[in-house]
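Residue-level structural notes
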Amino acid sequence: MIEKFYTYPLQRHNTFGFEVNARCLIKAYSTQDVLQLRNDKDFVGGTRLVMGGGSNLLFTSDFDGCILQPLLQNISPESDAGTTARLRVGAGVAWDELVEYCVERGWHGLENLSLIPGTVGACPVQNIGAYGAEAKDVIEGVEYVDLESFEVSYLSNEQCRFGYRTSIFKQELRGKAAITQVVFGLSRQPRYNTSYDSLSEMVKQLGGESLRNVRQAVVATRRGKLPNPAELGNAGSFFKNPFVEASLAEELQKKHPAMPSFPSGSGVKIPAGWLIEQCGLKGARRGSVGVHPKQALVLVNYGGGTGSEVLALAREICQAVHSRFGVTLELEVNVV
Ligand code: EPU
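1. Quick look at the pattern of salt bridges
As enumerated under the stated definition, the model contains 18 salt bridges in all. For Arg88, the salt bridge identified is with Glu143, shortest N-O distance 3.0 Å. Within this pair, whereas Arg88 is found in strand β7 (residues 84–90), its partner Glu143 is found in strand β10 (residues 139–146), the two being separated by 55 residues in sequence. What makes Arg88 partly exposed here is its relative accessible area of 24%. With a closest N to O distance of 2.9 Å, Glu100 and Arg212 form a salt bridge. Separated by 112 residues along the polypeptide, Glu100 in helix α2 (residues 95–105) and Arg212 in helix α4 (residues 211–225) bring together distant segments of the chain. In this structure Arg212 comes out as partly exposed when scored by relative accessible area, which is 38%. Because the salt bridges share partners, they merge into one network encompassing Lys4, Arg23, Asp40, Asp42 and Asp64.

2. Points about the domain arrangement of the protein
Assigned domains of the protein: these are domain 1 (3–70), domain 2 (75–187) and domain 3 (233–335). Taken over C-alpha atoms, the centre of domain 2 sits 27 Å from the centre of domain 3. Between domain 2 and domain 3, the contact holds five residues from the first and six residues from the second. Of the roughly 550 Å² buried where domain 2 meets domain 3, counting both sides, 40% is carbon and sulfur surface. It is Tyr164, Arg165 and Lys170 that lose the most area in domain 2 upon contact with domain 3, and together they represent 79% of the buried surface on that side. Counting across the interface, domain 2 meets domain 3 through one salt bridge. Of the charged contacts, one joins Arg165 and Glu332 as a salt bridge, the two residues approaching to 2.8 Å between their closest N and O atoms.

3. Let's talk about the site of the ligand
Around the ligand, 24 residues are found, and the nearest of them are Tyr131, Tyr164, Arg165, Tyr196 and Glu277. At 3.1 Å, a side-chain N or O of Gln295 approaches an oxygen atom of the ligand. Taking 820 Å² as the accessible area of the ligand by itself, protein coverage stands at 83%. Elements with a contribution of two residues or more to the shell around the ligand: β8 (129–130), α4, β13 (233–237) and α6 (272–278). Looking at the shell around the ligand residue by residue, the class counts come to 11 nonpolar, six polar and seven charged. Split by domain, the residues of the shell around the ligand number at least three in each of domain 2 (75–187) and domain 3 (233–335).

4. Structural notes on the side chain of Gln126
With respect to the secondary-structure elements, Gln126 resides in the loop between α2 and β8. Residue contacts for Gln126: discarding those within four places in its chain leaves Asn56, Arg165, Thr166, Lys170 and Glu332.

5. Here's the deal with the nonpolar core
Membership of the largest hydrophobic core comes to 43 residues, with the highest contact counts inside it found for Leu87, Trp95, Leu98, Phe169 and Phe184. A total of six residues in this core trace back to one element, the largest contributor, which is α2. Trp274, Leu299, Ile317 and Val327 belong to the second largest nonpolar core, which has 33 residues in total.

6. Some remarks on the sheet that holds strand β3 (residues 48–50)
Spatially, four strands are ordered β1-β2-β5-β3 in an open sheet, and the strand pairing comes out mixed. Edge strands, defined here as strands with exactly one partner in the open sheet, are β1 (3–9) and β3. Strand-to-strand twist across the sheet, computed as the mean angle between neighbouring axes with direction ignored, equals 25°.

7. A look at α2
Of all the residues in α2, the buried ones are Trp95, Asp96, Leu98, Val99, Tyr101, Cys102 and Val103. Where the residues of α2 are buried, they touch β6 (75–79), β7, β12 (177–187) and α4.

8. A few points about the state of the cysteines
Counted under the stated rule, the structure contains zero disulfides. This cysteine, Cys102, is not joined by any disulfide, and Cys123 carries the nearest cysteine sulfur, 11 Å off. Cys102 sits in the buried class, given a relative accessible area of 1%. Cys160 carries a free sulfur, and the closest cysteine sulfur to it, the one in Cys123, is 9.8 Å from it.

Reading guide: rules and limits
- In this convention, every chain numbers its residues from 1, walking through the sequence in written order.
- For a predicted model such as this one, the threshold for reporting local features is a pLDDT of at least 70, and the threshold for listing and counting side-chain atom pairs is 80 or more; totals across whole chains, interfaces and linings nevertheless cover every residue.
- Side-chain measures here rest on the full set of heavy atoms in the structure, leaving out hydrogens and waters.
- Salt bridges are counted wherever a side-chain nitrogen of Lys or Arg sits within 4 Å of a carboxyl oxygen of Asp or Glu.
- Under the scheme used here, helices are H or I runs from DSSP no shorter than 4 residues and strands are E runs no shorter than 2 residues, and both carry numbers assigned from the N terminus.
- Type-normalised accessible area, obtained with a 1.4 Å probe on protein chains alone, sets the label of each residue: buried when under 20%, exposed when over 50%, and partly exposed for intermediate values.
- All the domain ranges listed were derived from an automatic or database domain assignment.
- Two residues form a contact once any of their heavy atoms are found within 4.5 Å.
- Summed over both partners, the accessible area (1.4 Å probe) lost when two parts come together is defined as the buried area.
- For this purpose, a residue is taken to be near a molecule or strand whenever a single non-hydrogen atom of the residue falls within 4 Å of it.
- For the purposes of these results, a polar contact is taken to be a pair of N or O atoms within 3.5 Å, where, inside protein, one atom must be able to donate a hydrogen and its partner to accept one; residues adjacent in sequence count only when each atom of the pair is a side-chain atom.
- Areas reported here follow the Shrake-Rupley algorithm with a probe of radius 1.4 Å; residue values treat only the protein chains shown as occluding.
- Asp, Glu, Lys and Arg are counted as charged, while Ala, Val, Leu, Ile, Met, Phe, Trp, Tyr, Cys and Pro are counted as nonpolar; the rest, among them Gly, fall into the polar class.
- As used in this record, nonpolar core signifies buried Ala, Val, Leu, Ile, Met, Phe, Trp, Tyr and Cys residues forming a set joined through side-chain atoms within 4.5 Å.
- Any two strands are treated as partners once DSSP identifies two or more bridges connecting them.
- All axes here are fitted lines through C-alpha atoms, helices being fitted over the stretch that makes contact, and every angle between N-to-C directions spans 0 to 180 degrees.
- Pairs of cysteine sulfur atoms within 2.5 Å are what we label disulfides.

See below:
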C-alpha cells in the first residue's frame, strides 16, 4: 500500500538539509505499489522525481510536483552456490546496510564502497564509486518500472551503459524509470582491491587483507576526509573529476609539476579537488555555505543555507577553475 503526503518537508530527505517542501510525496513499498501509480492523478501527468536517500540532490526551491520514494526493503539471495553469490536487493535498502550484509557473509565486491550515503536503488543511476571500485563491477542487472508504459523492465549490466558516474538512468531514461530491484553478483572467493592511495598501508596496519579490514580502512579514510551528512549538510562530491585531452594535461603538468593526474582511455583524469584547491577556494565560505576545508570537491551547508547559494558558489568555482586552468568542471549532483 502506498502512503501519500502533501506539502511534505524535505529537510530530512536531502543530505544538504535544505528546508524545502514537495507538493506531494508518495512512499511505495513494492513493485505493485509503483505500478498502481498509473492511476494516480498527482503522479501521472505532473512534474515528478524518483528519490532515494536524497544524497545526490540539490533543491534550489520547493518542488512543485510529486516525489516517488521506492522503499522496497528485501535482500534476497537468489543462488548461493558456486563462486558467485547472487542477490536481489530492494531499491529502498540503505547502501551501507547492504555492504555490511555482504562483508558479514564473506562476499567480495562491495567493501570498497563502504559508508557511501544513499540507497541501493540510487546506486546504478550514477554508478557510485570509491577507492578503485564502482557499482558496475558487481551489478548484474537492474529492474525498474517504466513510468510511461507502467511496465516492469529489466536491463542487464551491459544495457545499463555504465560509465564514470553515469548510466542510461542518467541519460535516455532520466526521469522515466523507477528502479525497484538491483541484482548483484558477488564473489565468494577472495578478491581484494587495495591499490588506491593509502588503502593498502592502512589495511596492513589493521592486520592484513580481510573484508572486515578493507571495510574498516575505507570507513576510516572516508571519515577522515568527508563530512558526515548527519552532522554537516553536503552531497559528497559536488563535481565530477574532469577528463581532459592528453595535450592539455601535458601542458598543465609542465606548468604545475605537482598536479595529480590519472591517464584513462584516450584522456587524463584530473582531480577536481586539486584544481579547486589551487584556486584558493578550499575552505572558502559564502554566508551559510562553503567549500569543505578537508576536501575541496565537497560543498557544504553550515546551516540555514539554500540550494541557490550553493549553486552560486559552484558557478564561482567553475569560473575560477576555467580561467586558471582552461578546464570545465561538470556537476556530479542533480540540480532540481
Ligand atoms: N585533492 C586535493 N585537494 C582536495 C581534494 C583532493 O589536492 O581538496 C587531490 C588529492 O590529494 C589526491 C586527488 O586529489 O591526489 C584525489 O583525491 P581523493 O582520493 O580524495 O579523491 P577524489 O578524486 O577527490 C573521488 C570520488 C569520491 C571518492 C574518492 C575516493 C569523484 C567525483 N569523487 O574523489 O567520491 O570517495 O575519489 O575514491 O570521482 C562522491 O562521489 O560523492 C565521492 C565522495
